[in-house]
Amino acid sequence: YGLLVVKNGHLVAEKYFNEGSVDQKARIQSATKSVTSALVGIALDRGCLSSVDQRMVEFFPEVVGQITDPRKQQITIREMLQMRAGYPSEETHPDLWEGLLSGRYPQLVEEFPLTADPGTEFQYSNLTSNWLGIIVDRACGMHLRAYAEQNLFSPMGIEAGEWGTDWDGHNNGCGDLHLTARDMARFGLLYLNQGQHGGEQILPAGWVQDSLRTYSEDAWDNIGRFHDIGYGYQWWSARAGDQHVNFAWGHGGQLIALVDELDMVVVTTADPFWLEHNDESWKHEKATICLVADFIASLPSE
C-alpha cells in the first residue's frame with residue numbers, strides 16, 4: 001500500500017499503491033510490538049516501572065495463587081521483551097492460537113505452558129507482548145493508548161488510529177495499532193535519533209541502544225537478502241549486504257527498517273491479511289520484505 005524512504009531526516013521517496021494513500025492508517029500488525037517496547041522504556045524512565053528485572057507475576061496478582069509451574073514466578077520483564085520468557089509461539093498448536101484470539105489474557109499466564117526455561121530460548125510469543133502492554137497499563141494506571149498519546153504520540157505529532165483491545169479493555173501490545181506510513185517513519189526516526197524528537201528526549205538514549213541490541217541470534221530463517229536475523233527488545237535485526245538493519249515487522253509486510261549507518265528509514269505498509277496465516281499471505285509478505293532487503297543490500301556503505 002505504501003513505500004517511504006527517509007534519508008538524513010528528509011522524506012526523499014514516497015509512493016502509494018492499490019488501496020494505500022498518505023492518509024491511510026494501516027493496521028501495522030506486529031510492528032505494534034516495537035511501540036509497546038518503547039512504552040515500556042518510557043514507563044521505566046517515568047518511574048512507573050522500577051527495573052526490567054521486575055517479575056511478570058507482580059502485575060498479575062489475580063493468578064499468582066494458581067501458578068503451578070514455579071518457573072513462571074521467575075520470569076522478568078527483560079525476558080519478555082527479548083521473547084525469552086519460555087512461552088511458546090501460538091502458531092505451534094491450535095489451542096494456543098485459540099487462546100490468543102480469546103481476548104482474555106491474564107488467566108493465560110497460568111493456563112499456557114512453558115516450553116523452555118525462562119531466559120534460555122527465543123520463542124516468538126504474541127501473548128507475551130500483550131502481557132507487556134498490560135504491565136504498562138497496570139503500572140502506570142492508564143490504558144496503553146492513553147499512555148502512548150500522552151508520552152509518545154502527541155509529543156511527536158503522531159495521530160494514531162484504532163488500537164484493538166482485549167475483553168478487559170487493554171490495548172493489544174502485540175498488534176492492532178493503526179498508523180499512517182509517515183507516522184511509522186516518525187517512530188523509526190525516533191530510534192535513529194537516539195530517542196530525540198524536535199529537541200525533546202522522548203525515549204532514553206540508553207533504552208534505544210538496549211532495544212536494538214541482538215539478544216537472540218538466528219531468531220528467524222533468512223528472508224531473501226535479510227540474513228543473520230536476530231531479536232532485541234521487540235525489534236528484529238538482520239544483515240542486508242554490507243548493512244546492519246533493525247526493523248519492526250508486522251504480518252502482511254508492515255516494516256519500519258532502520259539503517260543506522262546511512263541515517264535511513266524505509267517504511268512499507270501492505271495488506272495485513274487479518275487472521276490469514278497461510279501460504280498466500282506469506283507469499284505477499286515475503287515479496288514486500290525481499291523488496292526492502294534487496295534495496296538496502298544494494299546501497300553502498302558511507
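Everything that follows concerns the structure shown earlier in this document.
Here's a quick rundown of the structure. Because the structure is a prediction, the values reported are computed rather than measured.

Okay, the overall build of the chain next. Secondary structure summary: the chain contains ten helices and twelve strands in total. Taken over the C-alpha trace, the chain has a radius of gyration of 18 Å; the compact-globule value for 302 residues is 19 Å, and the two agree within 12%. Principal-axis analysis of the C-alpha atoms gives the chain an extent of 55 × 45 × 35 Å. By residue count, 58% of the 302 residues in the chain fall in the buried class. Look at the contacts in the chain between residues 6 or more apart in sequence, and 62% of them connect residues 24 or more apart. Put simply, the chain shows about 12,300 Å² of open surface, and 47% of that area lies on carbon and sulfur atoms. Within the chain, one finds 21 positive and 42 negative side-chain charges whose respective centroids are separated by 3 Å.

Considering the arrangement of structural elements, one finds Asn-193 in the loop between helix H8 (181-192) and strand E5 (196-197). Residues Asn-193 and Asp-263 lie 70 residues apart in sequence; the distance between their C-alpha atoms is 8.9 Å.

Let's shift gears to the layout of surface pockets. The volume enclosed by the largest pocket comes to roughly 840 Å³. Around the largest pocket, the lining is made up of 34 residues, and of these Ser-30, Glu-91, Trp-97, Asn-126 and His-277 lie nearest the centre. For the lining of the largest pocket, the secondary-structure elements that each account for two or more residues are helix H4 (94-102), helix H6 (126-140), strand E10 (243-250) and helix H10 (279-297). Element by element, the count of residues in the lining of the largest pocket is highest for H4, at four residues. Classifying every residue of the lining of the largest pocket gives 13 nonpolar, 15 polar and six charged. What the second largest pocket holds in volume is close to 310 Å³. Forming the walls of the second largest pocket are 16 residues, and the residues nearest its centre are Tyr-1, Asn-18, Thr-269, Ala-270 and Thr-288.

All right, on to H6 then. In an α-helix, one full turn covers 3.6 residues, which means residues spaced three or four apart are oriented alike. An ideal rise of 1.5 Å per residue puts 21 Å on 15 residues; H6 measures up with 22 Å between its terminal C-alpha atoms. Most of H6 sits out of view: 13 of its 15 residues are buried. Positive backbone phi, approximately 75°, marks Gly-141, located one or two places after H6.

Pairs of aromatic rings are described using the distance from one ring centre to the other and the angle between the two planes. Using the criterion set out here, one finds 19 aromatic pairs in the structure. For the pair Tyr-231 and Trp-236, a centre-to-centre distance of 4.7 Å together with 80° between the ring planes defines the contact as edge-to-face. Taken as a pair, Tyr-231 and Trp-236 share a single burial class, namely buried. Their ring planes at 20° and their centres at 6.5 Å tell us that Trp-236 and Phe-247 sit as a pair that is stacked.

All right, on to the sheet that holds E10 then. Working definition: the strands of a sheet are paired by backbone hydrogen bonds and lie parallel or antiparallel to each other. In space, the eight strands of this open sheet follow the order E2-E1-E12-E11-E10-E9-E8-E7, with antiparallel pairing throughout. Strand pairing shows two members of the sheet lacking a second neighbour, strand E2 (10-16) and strand E7 (216-220), which therefore form its edges. For this sheet, the mean angle separating the axes of adjacent strands, direction not counted, is 25°. Across three bridges, the pairing between strand E8 (residues 227-231) and strand E9 (residues 236-240) is antiparallel. Residue pairing across strands places Gly-230 opposite Ser-237, the latter belonging to E9. Along the sheet, H10 contacts strand E1 (2-7), E9, E10, strand E11 (254-259) and strand E12 (264-269); its crossing angle with E10, the most-contacted strand, is approximately 155°.

For H8, built from twelve residues, the straight-helix expectation of 16 Å at 1.5 Å per residue is met to within 8% by its first-to-last C-alpha distance of 17 Å. With ten of its twelve residues buried, H8 lies for the most part within the structure. Those residues of H8 lying buried are Ala-181, Asp-183, Met-184, Ala-185, Phe-187, Gly-188, Leu-189, Leu-190, Tyr-191 and Leu-192. Where H8 terminates, the next one or two residues include Gln-194, which has phi positive at roughly 55°.

With that settled, the discussion passes to the side chain of Gln-29. If you trace the backbone, Gln-29 turns up in the loop between strand E3 (26-27) and helix H1 (32-46). Excluding residues that lie within four positions of it along the chain, Gln-29 makes contacts with Cys-174, Gly-175, Asp-176, Leu-177, Gly-250, His-251, Gln-254, Pro-272, Phe-273 and Trp-274.

What follows deals with the pairing of E8. Alignment of E7 against E8, held across two bridges, turns out to be antiparallel. Bridging across to E8, Trp-220 finds its partner in Ile-229. Counted between consecutive antiparallel strands, the loop separating E8 from E9 contains four residues, among which Gln-234 sits at a positive phi close to 65°.

Reading the values: the criteria
Sequence order sets the numbering: in each chain, residues are counted from 1 along the sequence as written. Two thresholds apply to this predicted model, a pLDDT of at least 70 for residue-level local features and 80 or more for giving and counting side-chain atom pairs, whereas whole-chain, interface and lining totals are computed over all residues. In computing side-chain values, all of the structure's heavy atoms are included and hydrogens and water are not. Helix numbering and strand numbering both begin at the N terminus, where a helix is a DSSP run of H or I of at least 4 residues and a strand a DSSP run of E of at least 2. For the radius of gyration, the atoms used are the C-alpha atoms, and the globule rule reads 2.2 Å times the number of residues raised to 0.38. Accessibility here uses a 1.4 Å probe with only protein chains present; expressed as a share of the type maximum, an area under 20% marks a residue as buried, one over 50% as exposed, and anything in between as partly exposed. Whether two residues touch is decided by their heavy atoms; if any such pair falls within 4.5 Å, the residues are in contact. In these tables, accessible area is a Shrake-Rupley quantity obtained with a 1.4 Å probe, and a residue counts as shielded only by the protein chains included in the view. Here the positive residues are Lys and Arg and the negative ones are Asp and Glu; neither His nor the chain ends is included. For charged residues, the charge sits on one atom: NZ in Lys, CZ in Arg, CG in Asp, CD in Glu. Think of a 1 Å grid over the protein atoms and nothing else: a 1.4 Å probe that fits but is trapped marks a cavity, an open set flanked by protein within 12 Å on at least five of seven lines marks a pocket, and residues with an atom within 4 Å of a point count as lining. Grid points are joined across faces, edges and corners, and a volume is the space filled by probe spheres set on the points. For this classification, the nonpolar set comprises Ala, Val, Leu, Ile, Met, Phe, Trp, Tyr, Cys and Pro, the charged set comprises Asp, Glu, Lys and Arg, and every other residue, Gly included, is treated as polar. The span one expects for a helix is its residue count, reduced by one, times 1.5 Å. Centres within 6.5 Å are what make two rings of Phe, Tyr or Trp a pair, Trp counting through its six-membered ring; a difference in plane orientation under 30 degrees is then read as stacked, over 60 as edge-to-face, and the rest as tilted. Strand pairing is defined by DSSP finding a minimum of two bridges between the two strands. Working convention: axes come from line fits to C-alpha atoms, limited for helices to the stretch in contact. Angles between N-to-C directions cover 0 to 180 degrees.

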